[in-house]
Amino acid sequence: SAVISQKPSRDICQRGTSLTIQCQVDSQVTMMFWYRQQPGQSLTLIATANQGSEATYESGFVIDKFPISRPNLTFSTLTVSNMSPEDSSIYLCSGTARLNTEAFFGQGTRLTVV
Amino acid sequence: AQRVTQPEKLLSVFKGAPVELKCNYSYSGSPELFWYVQYSRQRLQLLLRHISRESIKGFTADLNKGETSFHLKKPFAQEEDSAMYYCALYTGGFKTIFGAGTRLFVKA
């Protein structure tokens, strides 16, 4: 199975600041995604991280709020910008391997905005 | 619209009792469905997928296209089955959408 490492595992941040979450995957992973899991709710796809180009965002998510980078095949970052308490969630990095529809996940980043 | 519905947020059963976690989906194409599980302090991971038609840890799930369902079943629940279970639908482009999840609690 693919290996996905994500950090930090948790953080408490002041409103108005930004947090960058890092995700490292192994070479089996070809597609990378970022999900949000709000308290008591399901996983919602934020965007697909594209290598060397702008991420593809889902409806309701914008680049200004959630800038994403993927400078190479095995690394991506998600920044949560200008945070408010409503951004308190678990953020998950996910990946799929070539020709495989199974999703692999990082351990998640639990973000609390105060 | 593409949607996965898990009607139960919490399901509590006694050890040894049968368990069924419900999942219904809405998808215009030919669905590819999964069950993912998250044990306490562990990451989300695949439990089983319908195309494999296999039993994992005693769990099975059958795709019923007529009822658009993919319920997860186990005849005899064990305490170690206590976890969060997510039904998921692959929607193409390597994207997956998830249900809201059902927390299974197996009581001793």
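Just above sits the structure.
A brief structural summary. (Residues numbered from 1 in each chain as written. Chains lettered and ligands numbered in written order. Predicted model: local features only at pLDDT ≥ 70, side-chain atom pairs only at ≥ 80, totals over all residues. Heavy atoms only, no water.)

**Here's the deal with the sheet that holds strand 8 (residues 72–74) of chain B**
All names here are of chain B. Formally: Only when DSSP finds a minimum of two bridges between them are two strands counted as paired. Under the scheme used here, helices are H or I runs from DSSP no shorter than 4 residues and strands are E runs no shorter than 2 residues, and both carry numbers assigned from the N terminus.
Strand order in this open sheet of 3 strands is 3-8-7, and the pairing throughout is antiparallel. If you trace the sheet from one side to the other, it starts and ends with strand 3 (19–21) and strand 7 (60–61), each paired once. Sheet topology places strand 3 next to strand 8; 3 bridges connect them, and they run antiparallel. Following the sheet pairing, Val-19 is matched in strand 8 by Lys-74.

**Some details on the packing of aromatic side chains**
So the rule is basically this: Classification of ring pairs uses Phe, Tyr and Trp, with its six-membered ring standing for Trp, and accepts pairs whose centres are within 6.5 Å; under 30 degrees between planes counts as stacked, over 60 as edge-to-face, and the remaining range as tilted. A 1.4 Å probe rolled over the protein chains alone gives each residue an accessible area, and that area as a share of the maximum for its type sets the label: buried under 20%, exposed over 50%, partly exposed in between.
Overall, the coordinates contain 9 aromatic pairs over all chains when judged by the stated rule. When the centroid spacing of 6.0 Å and the interplanar angle of 90° are considered together, the rings of Phe105(A) and Tyr36(B) count as edge-to-face. Pair noted here: Phe105(A) is in strand 10 (residues 103–105) and Tyr36(B) is in strand 5 (residues 32–38), and the two residues belong to different chains. By the burial criterion, Phe105(A) is buried, and Tyr36(B) matches it. Here the aromatic rings of Phe34(B) and Tyr36(B) are separated by 5.9 Å at their centres, their planes lie at 40°, and the arrangement is tilted. By relative accessible area, which is 0% here, Phe34(B) ends up buried. With a relative accessible area of 0%, Tyr36(B) lands in the buried category. Site record: aromatic cluster; members linked through ring pairs are Tyr35(A), Phe105(A), Phe34(B), Tyr36(B) and Phe98(B).

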